[in-house]
Amino acid sequence: MKRLIPLMQREWLQHRNGWLMMAGIPLGLSLLLLSFGQIQIGQEAQAAGPALPALLAAGSIAGSTAVIFLIAAFSSLVIVSNLARRDHADRSVEFWLSVPVSHSESFAAPLIVHLLLVPAAALVIGMLGGYAVSFIVVSRLVGAEAWFVLPWGTIVMASFSLMLRLLAGLPLAMLWLSPLILLVVLLTAWFRRWGWVILTVGLGLGSYLLKLVFGQPWLNRISSELIKAAGRSLINGDQGGLVVDKASQGIDALQLLPAWALADFGAALQALATPLFPGALLFAAGCFFLLVQWRQRGASAAG
Amino acid sequence: MNAADIQHPQATDQLVEARDLTVRYGAKRAVDGVSFSIPKGRVVGLLGHNGAGKSTLMKALVGLAPTEGALSVLGLDPVKDRVTLLESACYIPDVATLPRWARVGELIRMMSSLHPHFSAERAAALLQRTSVSPRDKVKNLSKGMVVQAHLALIAAIDAKLMILDEPTLGLDVLSRKAFYEMLIDEWCDGERSVLISTHQVEEIESLLSDVLMLNEGKLVLSISLEDMDQRFVALSHDASVAQEMAAAHPLLKYRVGPGPNGNAALFDGPPPASVEALGRRVRPSLVDLFVALTRKPELDRTQF
């Protein structure tokens, strides 16, 4: 653990500018465009009446959180996919191999940072940025004074509940996706840039052929189930309650959100009780082991 | 065999012990059955042509290459105990490159966190002797400056063994001299040992206490420089006695100076008395010995 933290700090030093841009540019652009662009809302939203400002604010916060999170998650996946070979480009892999750090720590630290900490930080930044976005949106559509008299207790509780729900579901989602993510990392280690191609073609063609020739749909079923399970870990949705109830003017939905988030997370936990989950973890562990082996062998390449 | 098969170094006073050590890359034996040891307080030169197996041997010593045979470094198995070993043995690979995205000061801070025996103050002090600033980004430094920064980082480690694979590649002569002076005057303390490979043999000859020579993966010489002076004899001689010298089958015939008197013959052991009378004893240089022991036989025939 004592070496994991400095290795995680290395990720900060290497990627901090990209991360700041990743969060700053979308938020800055949103604020700019919403400040000077044209904003239109649909008839249904207008029908919300007095609840409109609160719903606009909550929607802005949720939207900002989702956008920043998705950008962070996507960029993290891109970075992680090239994890095994990233230090080969500037040949600094030789430097990293000369410091007293194990091969498994060298892989674990960036995986923790990019798959957990960065998306988690994106959720927090996205939500906080969402408050600024909500001010612009509410000011432009209703008036600045309306923003100051919003039912902030309800909105803050709702937005924090949503953020906490996503934060709690994030590790589960990453565990569900870990077989696919680590498989990409492994294939990229073995086949460089062809890793993605081999994974995509392999899964696509493999699924098709297995189903067509052998009547075995399990590959397609498993890979799609992993992705669906990851999504359900973040928002299960089976509990209902996220739909704005017109009769209650939408405020009730916001008030119900903390309870819904808790129940939804419980459902995500329950979804772990399937043979697929330990199987997925076992497969991911196998990929991780092969990555460590690859690094050991890669380190010993003729110099 | 492994490190456990070799007597503990505290008992033998050896920092490195290799016995029948082999490193394979597929079918190729990059290092082929070498046996040697490095005691405390030695500065050992590892010499060999390109592809002789020097880098591979050094990688094996720090656990970055799987080995056959027995190898013990600081009493540890380099592959199994790589992390522990690297806490007490520092290593600069031949393609040493620092991460381009980092500032030198950030690398110092990172090394402080990662390496239990790293001194940030020492690294900063060593950097002050160079033209590199802690605020410099590696990507903005010249190749020589990157090497200077890397050497400062490595020399700031309080290690028992330093393994340097072509450490001064890309450095100008002044920087090379400054580094070697620092290495001998400040880093080597009689307890620590250095294993250093370089093609600039003449520059480090005076620093070395021992030499290992590799040829095609095989160890052709492992000797201290004192023993080398006693074992190998060079005779400078006049061109008129060249045939007599050649008849005595020297290891190498070469020139030590201009003119008809500038010929020399290198012998492994004392030359025959009849031949010795024809020449004058001179000290063979490491380069001459290296050439004598590592050149290919087919080249021998064409050179004489």
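Refer to the structure printed above.
Everything in this summary refers to the structure shown in the same document. (Residues numbered from 1 in each chain as written. Chains lettered and ligands numbered in written order. Predicted model: local features only at pLDDT ≥ 70, side-chain atom pairs only at ≥ 80, totals over all residues. Heavy atoms only, no water.)

A short note on helix α6 (residues 143-155) of chain B
Residue and element names in this part refer to chain B.
So, point 1. For α6, built from 13 residues, the straight-helix expectation of 18 Å at 1.5 Å per residue is met to within 8% by its first-to-last C-alpha distance of 18 Å.
So, point 2. Summarising burial for α6: 11 of the 13 residues are buried, a large majority.
So, point 3. Buried within α6 are the following residues: G144, V146, V147, Q148, A149, H150, L151, A152, L153, I154 and A155. (Helix = DSSP H or I, 4+ residues; strand = E, 2+ residues; numbered from the N terminus. Expected span 1.5 Å × (residues − 1). Buried < 20%, exposed > 50% of the residue type's maximum accessible area, 1.4 Å probe, protein only.)

Examining the interface of chain B and chain A
So, point 1. At the interface, 29 residues of chain B touch 27 residues of chain A.
So, point 2. For the pair chain B and chain A, the two sides together bury roughly 2700 Å², of which 63% comes from carbon and sulfur.
So, point 3. Joining chain B to chain A, the criterion identifies three salt bridges.
So, point 4. For E94(A), the salt bridge is made with K59(B), and the minimal N-O distance between the two is 3.8 Å.
So, point 5. At the junction of chain B and chain A, the tally comes to six residue pairs in polar contact (both at pLDDT 80 or more).
So, point 6. Those elements that provide at least two residues to the side of chain B that touches chain A are α2 (54-61), α3 (82-88), α4 (104-114) and α6 of chain B. (Contact = heavy atoms within 4.5 Å. Buried area = accessible area lost by both parts, 1.4 Å probe. Salt bridge = Lys/Arg side-chain N within 4 Å of Asp/Glu carboxyl O. Polar contact = N/O pair within 3.5 Å; in protein donor to acceptor, adjacent residues only side chain to side chain.)

Here's the deal with the packing of aromatic side chains
So, point 1. All chains considered together, the criterion is met by 12 aromatic pairs over all chains.
So, point 2. Put simply, the rings of Y131(A), F135(A), W147(A), F148(A) and W152(A) pair up and form one aromatic cluster.
So, point 3. Here the guanidinium or amino end of R295(A) rests over the ring plane of F107(A), the centre of that ring lying 6.0 Å away.
So, point 4. The ring of W187(B) is capped by R192(B), whose NZ or CZ atom sits 4.6 Å from the centre of that ring. (Phe/Tyr/Trp six-rings, centres within 6.5 Å; stacked < 30°, edge-to-face > 60°. Lys NZ or Arg CZ within 6 Å of the ring centre and 35° of its normal.)

Examining the sheet that holds strand β13 (residues 279-282) of chain B
All names here are of chain B.
So, point 1. Read from one edge of the open sheet, four strands run β11-β12-β10-β13, paired in antiparallel fashion. Where the open sheet ends on each side, the last strands, each with one partner, are β11 (252-255) and β13. Neighbour-to-neighbour, the strand axes of this sheet turn through a mean angle of 30°, independent of strand direction.
So, point 2. Pairing between strand β10 (residues 232-237) and β13: four bridges, direction antiparallel. (Pairing = 2+ DSSP bridges. Axes fitted to C-alpha atoms, helices over the stretch in contact; angles between N-to-C directions.)

A word on α4(B)
So, point 1. In terms of burial, α4(B) is a largely internal element, eight of the 11 residues being buried.
So, point 2. Residues of α4(B) that are buried in the fold lie against α1 (4-36) and α4 (93-97) of chain A together with α5 (120-128) and α6 of chain B.

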